[in-house]
Amino acid sequence: MATIGLSKPYFAKYVNSGGSVSYQNGGLLAKAIEFGAQIDSGESNDLYADNGVAESDRSFQGGTMTMTTDDLTQEASAALLGITPATISVNGVNVQELIYDDQMTVPDLGIGIIIKKKKDGVYKYRAVVLTKVKFNIPDESATTQGETIEWQTPELSGLIQRDDSTYHAWKREATFDTEQGARDYIEAVLNIAIGSLTVLSEAGLVVGNTEITVTPELTVGHSYKYKTGIDLELPDVYDPIGAGYTAWNGTDEITATTGEDILIVEVDANSEARKAGIATVVSLGA
């Protein structure tokens, strides 16, 4: 089965509690371009008996992971390098800032990636999770733009380690017929789910309108979209939020019918779902 593609590099913070491994605060790094894992196994250590090899040790000794992505968001950079984002006001606008200093502590992370394969005309999607990786601080480089664009993409590298589970796993994988199946697997292993919004609906000041309050506050760089209806369901994390939704600035009253559901979704710059919540509409009657 030949490898023909690569997508969806995930990350999540690694947590060890007495040998019980879990993950939290995960997400997507960016869009994947290249991925590699170089594994170091034990040197040749064979036991010969009856003029042949009776036992051999080729155990995992460690490894190095490399990944090239189209970009690296500040959110992903903060997670990879253990930086707590700060907010600075620039001309009256709040801007998220990353400060590289003595307070940053590079964490261990779980890393997931989807490898697309094809055999006999059939596509398969191999979901790979490296259970414990510690990244190096990325190098900085850039070249000025000339007459033609030279694409410049960030390269990441990190140390692959055994985790702290009973048998000290370092990789998990499963193969699926669809990319969505592979995504669901990685999101389950790394405990990645849509964030929760608390949505409150109250009667608005205009007939037929509702006033919506959402907590927690909107993440810098994100925006809201909404839709109304009956028996609405939350989207999955990173689902594209487009047709059927309306952009909302977070303050204007929304025209909606009392008793219907209203679904508020916080989306990132790619209009992908990051947080969501549902409330029953209360609007001002005629």
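Source: prediction; values computed, not measured.

Q: Help me out: how do you make sense of a negative patch on the surface in this one?
A: Side chains of Glu34, Asp139, Glu140 and Glu155 sit close together on the surface and give a patch of like negative charge. Tracing the sequence through the fold places Glu155 in strand 11 (residues 155-160).

Q: I'm lost on the pattern of salt bridges in this one. Help?
A: Between side chains of opposite charge, a pair can form as their charged atoms come close. A complete count under the given rule lists seven salt bridges for this structure. Taking the shortest distance from any N to any O, the salt bridge between Arg183 and Glu187 comes out at 3.8 Å. Of this pair, Arg183 and Glu187 both sit in helix 2 (residues 179-189), separated by four residues, roughly a single helical turn. The same class applies to Arg183 and to Glu187, which are both buried. Between Arg274 and Asp268 there is a salt bridge, with the nearest N and O atoms lying 3.5 Å from each other.

Q: Would you mind showing me how to read a nonpolar patch on the surface here?
A: A cluster of nonpolar side chains, Ile88, Val90, Val93 and Val95, forms an exposed patch at the surface whose accessible area comes to about 280 Å². Assignment of secondary structure puts Ile88 in strand 7 (residues 86-90). Taking relative accessible area as the criterion, Ile88 reaches 37% and is therefore assigned partly exposed.

Q: Is there a simple way to explain unusual backbone geometry in this structure?
A: In most cases, non-glycine residues show a negative phi, while peptide bonds are predominantly trans. For the peptide bond that leads from Thr215 to Pro216, omega is 0°, which places it in the cis range. Counting through the fold element by element, Pro216 comes out in the loop between strand 15 (209-215) and strand 16 (223-229). Positive phi outside glycine occurs at Asn25, with the angle close to 55°. Tracing the backbone shows Asn25 in strand 2 (residues 20-28).

Q: What's the story with the pairing of strand 11 in this structure? I'm lost.
A: Taken together, the six bridges between strand 6 (residues 60-69) and strand 11 define a ladder with antiparallel strand orientation. Paired with Thr68 across the bridge in strand 11 is Glu155. Note: strand 10 (residues 122-135) against strand 11, three bridges, orientation antiparallel. By the bridge assignment, Lys134 is partnered in strand 11 with Leu159.

Q: Explain the side chain of Asp261 to me, please; I cannot follow it from the model alone.
A: Inspection of the secondary structure assignment puts Asp261 in strand 19 (residues 261-267). Nearest to the buried, unbridged Asp261 among oppositely charged side chains is Lys227, at 10 Å. Not counting chain neighbours up to four residues away, the residues in contact with Asp261 comprise Lys227, Thr228, Gly229, Ile230, Asp231, Leu232, Ile278, Ala279, Thr280 and Val281.

Q: Where do I start with the nonpolar core in this structure?
A: The biggest cluster of nonpolar side chains holds 24 residues, and the ones touching the most others in it are Leu29, Met65, Leu80, Ile111 and Phe135. Mapped by element, the contributors of at least two residues to this core are strand 6, helix 1 (74-81), strand 9 (108-119), strand 10 and strand 11. In contact with Ile111, other than residues within four places in its own chain, are Tyr10, Phe11, Met65, Met67, Val128, Val129, Leu130, Val133, Phe135 and Leu190. Grouped together as the second largest cluster of nonpolar side chains are 17 residues, Tyr23, Ile186, Leu190 and Tyr238 included.

Q: How should the pairing of strand 2 be read in this particular structure?
A: When a strand is regular, its side chains alternate between the sheet's two faces. Across seven bridges, the pairing between strand 1 (residues 2-17) and strand 2 is antiparallel. By the bridge assignment for strand 2, Lys13 is matched with Gln24. In textbook terms, the turn of a hairpin is the stretch between consecutive antiparallel strands, and for strand 1 and strand 2 this stretch comprises two residues, one of which, Gly18, has a positive phi near 60°.

Q: Would you mind showing me how to read the sheet that holds strand 16 here?
A: The strands that make up a sheet pair up through hydrogen bonds in the backbone, lying either parallel or antiparallel. Spatially, five strands are ordered 13-20-19-16-17 in an open sheet, and the strand pairing comes out mixed. Each edge of the open sheet carries a strand with a single partner, namely strand 13 (195-196) and strand 17 (246-248). Strand direction decides the pairing type here: strand 16 and strand 19, joined by seven bridges, are antiparallel. Looking at strand 19, one finds that Thr228 is bridged to Ile262.

Q: For this particular structure, what's the right way to read the sheet that holds strand 15?
A: The strand order 14-15-18 describes an open sheet built from three strands, whose pairing is antiparallel. At either end of the open sheet lies a strand with only one pairing partner, and these are strand 14 (198-203) and strand 18 (254-255).

Calculation notes
- Residues numbered from 1 in each chain as written.
- Predicted model: local features only at pLDDT ≥ 70, side-chain atom pairs only at ≥ 80, totals over all residues.
- Heavy atoms only, no water.
- Patch = residues over 30% accessible without salt bridge, like charges linked within 9 Å, V, L, I, M, F, W, Y side chains within 5 Å.
- Areas by Shrake-Rupley, 256 points an atom, 1.4 Å probe, with all protein chains shown as cover.
- Salt bridge = Lys/Arg side-chain N within 4 Å of Asp/Glu carboxyl O.
- Lys, Arg positive; Asp, Glu negative; His and termini not counted.
- Charge placed at Lys NZ, Arg CZ, Asp CG, Glu CD.
- Helix = DSSP H or I, 4+ residues; strand = E, 2+ residues; numbered from the N terminus.
- Buried < 20%, exposed > 50% of the residue type's maximum accessible area, 1.4 Å probe, protein only.
- Pairing = 2+ DSSP bridges.
- Contact = heavy atoms within 4.5 Å.
- Core = buried A, V, L, I, M, F, W, Y, C linked by side-chain atoms within 4.5 Å.

So, to be careful, I would describe these as geometric facts and stop short of saying anything about function.
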